[in-house]
Amino acid sequence: MTDSKYFTTTKKGEIFELKAELNSDKKEKKKEAVKKVIASMTVGKDVSALFPDVVNCMQTDNLELKKLVYLYLMNYAKSQPDMAIMAVNTFVKDCEDPNPLIRALAVRTMGCIRVDKITEYLCEPLRKCLKDEDPYVRKTAAVCVAKLHDINAQLVEDQGFLDTLKDLISDSNPMVVANAVAALSEIAESHPSSNLLDLNPQSINKLLTALNECTEWGQIFILDCLANYTPKDDREAQSICERVTPRLSHANSAVVLSAVKVLMKFMEMLSKDLDYYGTLLKKLAPPLVTLLSAEPELQYVALRNINLIVQKRPEILKHEMKVFFVKYNDPIYVKLEKLDIMIRLASQANIAQVLAELKEYATEVDVDFVRKAVRAIGRCAIKVEQSAERCVSTLLDLIQTKVNYVVQEAIVVIKDIFRKYPNKYESVIATLCENLDSLDEPEARAAMIWIVGEYAERIDNADELLESFLEGFHDESTQVQLQLLTAIVKLFLKKPTETQELVQQVLSLATQDSDNPDLRDRGYIYWRLLSTDPVAAKEVVLAEKPLISEETDLIEPTLLDELICYIGTLASVYHKPPSAFVEGGRGVVHKSLPPRTASSESTESPETAPAGAPSGEQPDVIPTQGDLLGDLLNLDLGPPVSGPPLATTSVQMGAVDLLGGGLDSLIGGPNFVAPPAAAVPANLGASMGSGLSDLFDLTSGVGTLSGSYVAPKAVWLPAMKAKGLEISGTFTRQVGSISMDLQLTNKALQVMTDFAIQFNRNSFGLAPAAPLQVHAPLSPNQTVEISLPLNTVGSVMKMEPLNNLQVAVKNNIDVFYFSTLYPLHVLFVEDGKMDRQMFLATWKDIPNENEAQFQIRDCPLNAEAVSSRLQSSNIFTVAKRNVEGQDMLYQSLKLTNGIWVLAELRIQPGNPSFTLSLKCRAPEVSQHVYQAYETILKN
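What counts and how
Residues numbered from 1 in each chain as written. Predicted model: local features only at pLDDT ≥ 70, side-chain atom pairs only at ≥ 80, totals over all residues. Heavy atoms only, no water. UniProt positions renumbered as here; feature names shortened; annotations may be inferred. Helix = DSSP H or I, 4+ residues; strand = E, 2+ residues; numbered from the N terminus. Buried < 20%, exposed > 50% of the residue type's maximum accessible area, 1.4 Å probe, protein only. Contact = heavy atoms within 4.5 Å. Areas by Shrake-Rupley, 256 points an atom, 1.4 Å probe, with all protein chains shown as cover. Expected span 1.5 Å × (residues − 1). Phe/Tyr/Trp six-rings, centres within 6.5 Å; stacked < 30°, edge-to-face > 60°. Pairing = 2+ DSSP bridges. Axes fitted to C-alpha atoms, helices over the stretch in contact; angles between N-to-C directions. Core = buried A, V, L, I, M, F, W, Y, C linked by side-chain atoms within 4.5 Å. Domains from an automatic or database assignment. Patch = residues over 30% accessible without salt bridge, like charges linked within 9 Å, V, L, I, M, F, W, Y side chains within 5 Å. Salt bridge = Lys/Arg side-chain N within 4 Å of Asp/Glu carboxyl O. pLDDT = per-residue confidence, 0-100. Polar contact = N/O pair within 3.5 Å; in protein donor to acceptor, adjacent residues only side chain to side chain. Parallel < 35°, antiparallel > 145°, perpendicular 65-115°, else oblique. Nonpolar A, V, L, I, M, F, W, Y, C, P; charged D, E, K, R; others polar. Left-handed = near helix turned anticlockwise from the far one by under 90°. Arc of directions from axis to C-beta.

- By the naming in an unreviewed UniProt entry, the chain goes by AP complex subunit beta and is assigned to Ursus maritimus.
- Comment text from UniProt for the chain, heading Sequence similarities (unreviewed entry), reads "Belongs to the adaptor complexes large subunit family."
- Check the Subcellular location (unreviewed entry) section of the UniProt entry for the chain; it says "Endomembrane system".

Shown next, in the form of structure tokens:
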């Protein structure tokens, strides 16, 4: 007879009868009674009143009865802690039972009873079980330590259980090793700061040995633990990969994904030139393909993980396109995921096959799937240029079907194709215009309006088409209204005579009759642009648009690297880091891929630039000076503080005013301090007096205050290395003030705030003269331009090369370090012109071994032009003479730290090569001064 009879009792006074049966002398009757109690407990009846009677039944040799009593005990110990203490003696006794199953059962139950009062009584039995001769008992005790740690962490640490757990990693039994690893990982997750799993090559070797003999879940624990280890070099990484690879052929999909995670992580450290790297890529494909023959739910999890893998290393599955073709009986969630991966794998080699499939999908019955298929055709056109024509003709065929939702999706993607390939496929516009009336979705209407506005000059009745949309302007969605406003303004700028009324109508609708702030603001901007300066309006509104990129939905690189570390977990299905969906701080550790080893670094990377690289290249991103990292890490990067004291010259005060508060300094307001006469260029007086009218005139006045050459901005810190923050910049000198002009771009998926900047000690004492002020939070995909005033009163330390500047930038995400080379001419001061007599005396006084000669080639300027160009960057001509048909310029310049450099420049008319001789008491400066000459004269 089955156990179902225990669930069908309808007796009255049941508890009383069960009590009597539990106290019966007959073993069989007792067992029946406990089964009835467990059955009642299972269906939700309260049988806690029987606690003492059930606990009395613990004293038995019958294993089945003992299991049932322990089950009851686990359930009710929390609500009856005082009663539960009665059972402690039995636990202690059972932990010394000759039967290992009973010892293990006792220790397992002890771990499940979450009652603080009891835990201290359990320490002694647990210690014995951890050293038990039977591996089954040891593996159960290992898990019990993790459970006990969750109840009372301090107790576990005081009793030394963690050290015993670490010793179990060297156990001879693989299941004990796996459970010890699982327990330590669990504890480490709740205490990220504790370095419990102190993995080293020896312990890794033990784990890999145990890996082959564990059960499947044991293998997963060990593989997940391996994934948290960072090998010391590429050889160790390769050796671990070789021993993990056999797990790829395991029948359990969780083991396969855990193995894939380890391999994906350690492949970062392998050089792509290695034969083994290619072999590993080939071995990774079959297990991933095999996962797709499982049931749909497993397929979906596998596909979400494959989506990440394909974004990181598309070469793994590039020949496996066919397995991602959709089957007729796939559920919709599997179909959509397969479609996404197909586009990611699309390439010139397989595009014909992919397009044929997608065209087929576009005739399916499932609306969501059809929409995604049509969108996929457009994405293929953007991704694989050679296929664009075929994609466009496929889309036109689909438009001819006149199926409403197909037509609308097709128009949305054709708009993107126009953005990617301008002036190529505009012949299809006529076909698109025929379908105007059928468009009812905001996105499709907005796309069509954009096309009409963008190509208004090619569409004869563009004004009529746009007017037809205007009739129901207030019923349209914001997206359509904004697009319509821009399109009509574009049309007006292209055909001003015919569309004046139309543009006035839309501007008044957008500004006077609308309560949407975005629409109103855009309307006012266009209105003012058109009324004050139609030429400027044309340049702004009809400016050339940047081409769109092929993969707009790629996961941001830093997030992708983190998700690769979570393959096979929920994070890889959600495509979000655990911190986004795990409540509280527990168990959320930010993971990242190991850094590439030196041997595997690609040659073009800036980190490995050769020592003699030209000055244009970036120096090491992480500097190599012994004390440097310490210096940078010790910088106080708290909330922005005011920088070192400003130099008190009125010139620098003016520059700081310019950034600090208002435009007083620009327009001669009350706080404006006039710079010394020597420093003011001739054209500056006029621009200062003329007030705001010159503010935006970059050809005179502020835009070119001293005419010193400014190099174009270069990327100093790529987004890949700074969790999505990209920093570009250049250095400028204007009227005696040095600035670092920065451009900060947020390429991450989160807002950035709390910016601060500090410089390491450097050769000329450059330091920020004010905090780095980013006035508003930097949203994703936003760029902000900042001019950071600098002074030269910071700490000095000779750098290699001399003009190397090491910078630390902090924001709410992290602190990032980079180095850059500043051009020396920003340090040439305005009072660097030496008196002739002084020049002669100094030239003779400096020893001849301090003289350096350089050739400046390919410079077709005459002596006059050279002199004036150099003077604008504070290199002054002291005297000029002609010797045997050669022009000789004698020049002087002075650096911010007071070092004088004297120069003789020999120019042969008609010869584009000049000879430059430099003399200086600090000869190491000469090379950099020569580079400044080259830069100024050739730009």
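### A short note on the overall build of the chain
Consideration 1: When its secondary structure is counted, the chain shows 38 helices and 13 strands.
Consideration 2: The buried share among the 939 residues of the chain stands at 50%.
Consideration 3: Within the chain, counting contacts between residues at least 6 apart in sequence, those at least 24 apart form 67% of the total.
Consideration 4: Only carbon and sulfur atoms are counted for the fraction: they give 52% of the accessible area of the chain, which is about 44,000 Å².

### What about helix 27 (residues 478-494)?
Each full turn of the α-helix corresponds to 3.6 residues, which orients residues three or four apart in the same direction.
Consideration 1: The end-to-end C-alpha distance of helix 27 is 24 Å, a good match for the 24 Å that 17 residues give at a rise of 1.5 Å each.
Consideration 2: Most of helix 27 is tucked away, with 14 of its 17 residues classed as buried.

### Some points on unusual backbone geometry
Consideration 1: In this chain, glutamate 800 is followed by proline 801 through a cis amide linkage whose omega measures -5°.
Consideration 2: On the secondary structure map, proline 801 appears in the loop between strand 6 (783-791) and strand 7 (804-810).
Consideration 3: In this structure, histidine 575 takes a positive phi of about 60° despite not being glycine.
Consideration 4: Inspection of the secondary structure puts histidine 575 in the loop between helix 32 (570-574) and helix 33 (628-633).
Consideration 5: Positive phi, normally seen in glycine, also occurs at asparagine 874, with a value near 70°.
Consideration 6: Among the structural elements, asparagine 874 can be located in the loop between helix 37 (863-871) and strand 10 (876-883).

### A few points about the packing of aromatic side chains
Consideration 1: A full pass over the atoms with the stated rule returns 12 aromatic pairs.
Consideration 2: A ring pair is formed by tyrosine 361 and phenylalanine 369, whose centres lie 5.2 Å apart and whose planes are at 40°; its orientation type is tilted. The exposure classification of tyrosine 361 matches that of phenylalanine 369, with both residues buried.
Consideration 3: Measuring from centroid to centroid gives 4.5 Å for phenylalanine 854 and tyrosine 930, while their planes differ by 5°, and the two rings are stacked. Of the two residues, phenylalanine 854 is situated in strand 9 (residues 851-856) and tyrosine 930 in helix 38 (residues 926-938); the sequence distance between them amounts to 76 residues.

### So, the sheet that holds strand 13 (residues 914-920)
Consideration 1: Strands sit in the order 9-13-12-11-10 across an open sheet of five strands; the sheet is antiparallel. Each end of this open sheet is capped by a strand with a single partner; those strands are strand 9 and strand 10. Geometrically, the sheet is characterised by an average inter-axis angle of 20° between neighbouring strands, direction not taken into account.
Consideration 2: Note: strand 9 against strand 13, six bridges, orientation antiparallel. Looking at strand 13, one finds that glutamate 851 is bridged to lysine 919.

### Focus: the nonpolar core
Consideration 1: Core analysis: the largest hydrophobic core is formed by 216 residues, its most contacted members being Tyr72, Phe91, Leu126, Leu317 and Phe418.
Consideration 2: Composition of this core by domain shows at least three residues from each of domain 1 (346-439) and domain 2 (441-532).
Consideration 3: For tyrosine 72, the contacting residues outside a window of four places in its chain are Val37, Ile38, Met41, Val47, Ser48, Leu50, Phe51 and Val54.
Consideration 4: If you look at the next biggest cluster of nonpolar residues, it comprises 61 residues, including Ile727, Leu827, Phe828 and Leu916.

### Some points on the sheet that holds strand 6
Consideration 1: Here we have five strands laid out as an open sheet, ordered 1-2-3-6-5, and antiparallel in their pairing. Since the sheet does not close on itself, it has two edges, and those belong to strand 1 (714-717) and strand 5 (767-768), each with one partner.
Consideration 2: Note that strand 3 (residues 737-746) and strand 6 share eight bridges and pair antiparallel. Looking at the pairing, threonine 745 lines up with threonine 783 of strand 6.

### Quick notes on the pairing of strand 7
The side chains of a regular strand alternate, residue by residue, between the two faces of the sheet.
Consideration 1: Summarising burial for strand 7: seven of the seven residues are buried, a large majority.
Consideration 2: Burial along strand 7 is two-sided: the face carrying Asn804, Gln806, Ala808 and Lys810 and the face carrying Leu805, Val807 and Val809 are both buried.
Consideration 3: When strand 4 (residues 756-759) meets strand 7, the two strands line up antiparallel, connected through four bridges. The residue bridging glutamine 758 from the neighbouring strand is alanine 808, located in strand 7.

### What about a nonpolar patch on the surface?
Consideration 1: There is a patch of nonpolar side chains on the surface, built from Leu570, Tyr574, Phe581 and Val582 and spanning about 340 Å² of accessible area.
Consideration 2: Inspection of the secondary structure puts valine 582 in the loop between helix 32 and helix 33.

### Side note on the confidence of the model for the chain
Consideration 1: Put simply, the chain has an average pLDDT of 80, and 85% of its residues get 70 or more.
Consideration 2: Note that pLDDT drops below 50 for residues 598-706; the model gives that stretch 140 contacts with residues more than four away or on any other chain.

### Re the side chain of aspartate 132
Consideration 1: The topology assignment puts aspartate 132 in the loop between helix 8 (116-130) and helix 9 (135-151).
Consideration 2: Overall, the relative accessible area of 10% leaves aspartate 132 in the buried class.
Consideration 3: A polar side-chain atom of aspartate 132 sits 2.8 Å from the main-chain amide nitrogen of aspartate 134.
Consideration 4: Setting aside anything within four residues of it in sequence, one finds aspartate 132 in contact with Arg103, Val137 and Arg138.

### Regarding the pattern of salt bridges
Consideration 1: What the rule picks out here adds up to 38 salt bridges.
Consideration 2: A salt bridge links lysine 938 to glutamate 934; the nearest nitrogen and oxygen atoms lie 3.3 Å apart. With lysine 938 and glutamate 934 both in helix 38 and four residues apart, this pair spans about one turn of that helix.
Consideration 3: Each member of the salt-bridge network shares a partner with another, and the members are Arg371, Arg375, Glu409, Glu441 and Glu443.

### Digging into the packing of helix 25 (residues 442-454) against helix 27
Consideration 1: At a minimum axis distance of 8 Å, the contact between helix 25 and helix 27 shows a crossing angle of 10°. Classed by the angle they form, the pair helix 25 and helix 27 counts as roughly parallel. Contacts between helix 25 and helix 27 involve Pro442, Glu443, Arg445, Ala446, Ile449, Trp450, Gly453 and Glu454 on the former and, on the latter, Gln479, Val480, Gln483, Leu484, Ala487, Lys490 and Lys494.
Consideration 2: Residue composition of the contact of helix 25 with helix 27, by class: seven nonpolar, three polar and five charged.

### A few points about the packing of helix 22 (residues 388-400) against helix 23 (residues 404-420)
Consideration 1: Running from N to C, helix 22 and helix 23 point in directions that differ by 155°, and their axes come no closer than 9 Å. Relative to helix 23, the element helix 22 lies roughly antiparallel. Crossing of helix 22 over helix 23 shows left-handed handedness. Counted together, Val392, Leu395, Leu398 and Ile399 of helix 22 and Val406, Val407, Ala410, Val413, Ile414 and Ile417 of helix 23 form the full contact between these two elements.
Consideration 2: Residue composition of the contact of helix 22 with helix 23, grouped by class: 10 nonpolar, no polar and no charged.

### Description of the pairing of strand 2 (residues 725-734)
Consideration 1: Buried residues dominate strand 2, accounting for nine of its 10 residues.
Consideration 2: Examined bridge by bridge, strand 1 and strand 2 share three bridges and lie antiparallel to one another. Along strand 2, the bridge assignment pairs valine 715 with serine 728.
Consideration 3: Examined bridge by bridge, strand 2 and strand 3 share 10 bridges and lie antiparallel to one another.

### Description of the environment of arginine 108
Consideration 1: Relative to the assigned elements, arginine 108 resides in helix 7 (residues 100-112).
Consideration 2: By relative accessible area, which is 32% here, arginine 108 ends up partly exposed.
Consideration 3: Separated by 33 residues in the primary sequence, arginine 108 and alanine 141 place their C-alpha atoms 7.1 Å from one another.
Consideration 4: Residues within four places of arginine 108 in sequence aside, it is in contact with Tyr136 and Thr140.

### Regarding helix 36 (residues 836-845)
Consideration 1: All of the buried residues along helix 36 are Phe839, Thr842 and Trp843. For helix 36, the buried positions fall inside an angular range of 100° around the axis, keeping them on one side. Of the exposed residues in helix 36, those oriented more than 90 degrees away from the buried face are Gln837 and Lys844.

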